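# Per-entry structural report
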Amino acid sequence: MENNQKLSIIEKCAYGAGDLACNLFWGLVCVASAFYTEYYGISAAAAATMMLIVSYFDLVLDVFIGAAADRFDTKWGKFRPWILYGFVPFCVIGFFAFFTPGFADFGKIVYAYVTYLLFRIMYSVVNVPYGAMLGVISEDPKERDSVSAYRNVGAQIGFFLSFAMVFKFVNFAQGATTVSNSTAFSYVVAVYTVLALALLFFCFSCTKERVKPVKEENNSLGQDLKDLVTNRPWISLSIAGIALILFTACHNMCVAYYAKYYIAETVVVEEGSKIVGVSQDNSGKDIYVLENGRVDSLSKGSIVTRTIVDGKEEVATVSIERSFAAMNAEGEMASIEKVRGDGAKPEQGDYVTYFKYDVNGSFWGMKLDWELFYTLIAGMGTLLTILGTMLIQPVVRKFGKKETWLSCFVISGLVSLVFIVLGKDSFSTIIIFNWLFSLIIGPTGFIMWSMYADVADNAEVKTGRRATGLIYSSATIAQKFGYANANSLPLFFLAAVGFVSNDLSMSLETKEMVKYVFALVPLVGAVLGVLALFFYNINEEKIIENSAKLAELKKGK
């Protein structure tokens, strides 16, 4: 047994690589609402319901995976084998979860339920034991803090590459290949899949489990759960973890909608053309024959435009969205969803208009579009989280983990309120305040993971039993519970006020609601987090005391 061993930079990087890989896919979970409504092609209500049901079903599994990992013992340790045996199916299923098949609407919904559920299950199989490794990688609390910081940096890099950059990557892939947006999305996810495979293998190969429990016991799951639910620090920390995810994920999830539907304006590329025929290909995909002679089979894609400039014809390929409209009872044109209800399909006699979203402004000399605006907010925000993780460590050492986290909740909550008063043309101010938000709240993820290791130590001192996997499974549950609500609740709010994806007739009131959801809904997480942390009672002196007690107990084994 190697007590208090310092870890090499390579091992710390390998552990961080594990969360980099997981976050390549978890970043996609954070934009899953946009994926399912904007690329996959199902309604906001159907997507929100599916994600909520799957997410809650998935929560139960984490407890059993954590408990099983605690009772699992091989030459590689308790937790590393789960990465070894799980990383290939996890990555492969992750690809198919964000692949758009050529099915009709019902088939798409069934496919989404099945693949998203399997993906979430395999994410748990890999990520719960991976997280628990932090509690057994070293007995030195300072080393665990350092490893947790590496994990947070790796997580943010993965988050940057997926959550922050995915729309730009998709736009590039579409332009390079002239395929539909949904197919381009699949190309990008394929690259993430290959990268995640390599990173998870690196994580397994170059890490080691060192911490052994004071005494090996075959405890019942019931006893472990009883210990857990009476553990005050665990309860407080789990609620704070849910609050953190609800706060940050709700903000991050809404960025794409905020940029596309509040900041950007719609610009018509080709005026509405009447649908004169509807048919389906062999895969069940709808094909529309338009009055102007165009045959449209892509839910998204590009069209060729021809304009006369200075007497010369200029031909351009333009990435576009499309909107279907029909005549309502008042004799006015409106989206088919508003005329015939949610899930309505285009029919002969409806009209289709091709358009794009345009941001009439610039930032530091760069002409903005909504994807670049989103990337500047999400991308730089993620990079600033990495910077914040480095800068905040001396603050944590001086003031303590709990006190630092509390301050970050309060300050970033005040920053979120600022978005209510910022006008949509305040591009630079909006971007800078988003960066400030990420710089302040983003680094607290490393604090949370480090605190779970402290909770595991404290529980072992108190009960004489170590349930690292079960304790860390609760951290993953907190994450998923937070993300389940963060992904679904804003969509329910938007659906309630008449939001319809790519609706050219969207009202100013609905666009304003996008802003208010972006600014206000995350504050629920900030308030909940502050309240939860007030009841957390493991301070820095207690951490040192527990570490010393465990070292003494193990010397006497």
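For the structure, see preceding data.
Below is a short write-up of the structure.

Conventions we followed
Residues numbered from 1 in each chain as written. Predicted model: local features only at pLDDT ≥ 70, side-chain atom pairs only at ≥ 80, totals over all residues. Heavy atoms only, no water. Helix = DSSP H or I, 4+ residues; strand = E, 2+ residues; numbered from the N terminus. Rg over C-alpha atoms; globule rule 2.2 N^0.38 Å. Buried < 20%, exposed > 50% of the residue type's maximum accessible area, 1.4 Å probe, protein only. Salt bridge = Lys/Arg side-chain N within 4 Å of Asp/Glu carboxyl O. Axes fitted to C-alpha atoms, helices over the stretch in contact; angles between N-to-C directions. Left-handed = near helix turned anticlockwise from the far one by under 90°. Contact = heavy atoms within 4.5 Å. Nonpolar A, V, L, I, M, F, W, Y, C, P; charged D, E, K, R; others polar. Core = buried A, V, L, I, M, F, W, Y, C linked by side-chain atoms within 4.5 Å. Parallel < 35°, antiparallel > 145°, perpendicular 65-115°, else oblique. Expected span 1.5 Å × (residues − 1). Phe/Tyr/Trp six-rings, centres within 6.5 Å; stacked < 30°, edge-to-face > 60°. Lys NZ or Arg CZ within 6 Å of the ring centre and 35° of its normal. Patch = residues over 30% accessible without salt bridge, like charges linked within 9 Å, V, L, I, M, F, W, Y side chains within 5 Å. Areas by Shrake-Rupley, 256 points an atom, 1.4 Å probe, with all protein chains shown as cover. Pairing = 2+ DSSP bridges. Polar contact = N/O pair within 3.5 Å; in protein donor to acceptor, adjacent residues only side chain to side chain. Disulfide = S-S within 2.5 Å.

## Some words on the overall build of the protein
Each helix and strand in the protein was counted, giving 19 helices and nine strands. What you see for the protein is a C-alpha radius of gyration of 25 Å, in line with the 24 Å of a compact globule of 557 residues. Summarising its shape, the C-alpha atoms of the protein cover approximately 90 × 50 × 45 Å along the three principal directions. The buried share of the protein, reckoned over its 557 residues, is 59%.

## A short note on the pattern of salt bridges
Applying the stated criterion across every chain yields a total of 16 salt bridges. Between Asp457 and Arg144 there is a salt bridge, and its shortest N-O distance comes to 2.6 Å. Of the two residues, Asp457 is situated in helix H15 (residues 444-463) and Arg144 in helix H6 (residues 141-164); the sequence distance between them amounts to 313 residues. With a relative accessible area of 2%, Arg144 lands in the buried category. Taken together, the shared-partner salt bridges in this structure form one network comprising Arg144, Asp145, Lys401, Asp454 and Asp457.

## Overview of the packing of helix H10 (residues 232-263) against helix H12 (residues 370-399)
Their axes nearest at 9 Å, the elements H10 and H12 cross at an angle of 140°. In this structure, H10 crosses over H12, and the sense of that crossing is right-handed. Every residue of H12 that contacts H10 at Val255, Ala256, Tyr258, Ala259, Lys260 and Ile263 is listed here: Trp370, Phe373, Tyr374 and Ile377. Per-class residue counts for the contact of H10 with H12 are nine nonpolar, no polar and one charged.

## Comments concerning the nonpolar core
Core analysis: the biggest nonpolar cluster contains 163 residues, and Tyr36, Phe373, Tyr374, Trp405, Phe409 and Tyr452 have the highest contact counts within it. It is H10 that contributes the most residues to this core, 21 residues altogether. Apart from residues lying up to four places away in sequence, Tyr36 is in contact with Gly41, Ile42, Ala47, Met50, Met51, Ala97, Ala112 and Tyr116. Core analysis: the second largest hydrophobic core is formed by ten residues, Leu290, Phe324, Ala326 and Val352 among them.

## So, the environment of Val125
Positionally, Val125 belongs in helix H5 (residues 105-132). Taking relative accessible area as the criterion, Val125 reaches 18% and is therefore assigned buried. Along the primary structure Val125 and Gly86 are separated by 39 residues, whereas in three dimensions their C-alpha atoms are 6.5 Å apart. Contact partners of Val125, with chain neighbours within four places excluded, come to Ile65 and Trp82.

## Some words on the packing of helix H4 (residues 80-97) against H5
Running from N to C, H4 and H5 cross one another at 155°; their axes reach a closest spacing of 8 Å. Classified by the angle between their axes, H4 and H5 sit roughly antiparallel to one another. The handedness of the crossing between H4 and H5 is left-handed. Contacts between H4 and H5 involve Trp82, Ile83, Gly86, Phe87, Pro89, Phe90, Ile93, Gly94, Phe96 and Ala97 from the first element and Tyr111, Thr115, Tyr116, Leu118, Phe119, Met122, Tyr123, Val125, Val126, Pro129 and Tyr130 from the second. When grouped by side-chain class, the residues that make up the contact of H4 with H5 number 18 nonpolar, three polar and no charged.

## Here we look at helix H17 (residues 508-520)
Between its first and last C-alpha, H17 extends 18 Å over 13 residues, near the 18 Å set by a 1.5 Å rise per residue. For H17, every residue scored as buried is listed here: Thr510, Lys511, Val514, Lys515, Val517, Phe518 and Ala519.

## Quick word on the packing of aromatic side chains
Under the defined criterion, the tally for this structure stands at 40 aromatic pairs. Lying over the aromatic face of Phe204, Arg80 brings its terminal NZ or CZ to 4.6 Å of the ring centre. One Lys or Arg, Lys108, reaches over the ring of Tyr40 and ends 5.6 Å from the middle of that ring.

## A look at a nonpolar patch on the surface
Side chains of Val410, Ile411, Leu414, Leu417, Tyr516 and Leu520 sit close together on the surface and give an oily, nonpolar patch of about 500 Å² of accessible area. Along the chain, Tyr516 turns up in helix H17. Note on Tyr516: relative accessible area 33%, which makes it partly exposed.

## So, the environment of Arg294
Here Arg294 shows up in the loop between strand E2 (286-290) and strand E3 (295-296). According to the relative accessible area criterion, Arg294 is partly exposed, its value standing at 25%. C-alpha separation for the pair Arg294 and Ile275, spaced 19 residues apart in sequence, amounts to 9.6 Å.

## Some words on the pairing of strand E1 (residues 265-280)
Pairing between E1 and strand E7 (residues 351-358): seven bridges, direction antiparallel. Counterpart to Ser273 in the pairing with E7 is Val352. Relative to E2, E1 is paired through five bridges, and the arrangement is antiparallel. Opposite Ser279, over in E2, you have Ile287 as the bridge partner.

## So, the side chain of Asp140
As for its position among the elements, Asp140 is in the loop between H5 and H6. Within the local environment of Asp140, its side chain forms a polar contact with the backbone nitrogen of Lys142, the two atoms lying 3.0 Å apart.

## So, the state of the cysteines
Taken as a whole and assessed by the stated rule, the structure comprises zero disulfides. Left without a disulfide partner, Cys203 is nearest to the cysteine sulfur of Cys22, which lies 8.0 Å away.

## Notes on the environment of Asp105
Within the secondary structure, Asp105 is located in helix H5. Placed 238 residues apart in sequence, Asp105 and Gly343 show a C-alpha to C-alpha distance of 8.7 Å.

## Section: the side chain of Lys402
Take Lys402: it is sitting in helix H13 (residues 401-418). Every residue in contact with Lys402, bar those within four places of it in the chain, is listed here: Leu533, Phe534 and Tyr536.

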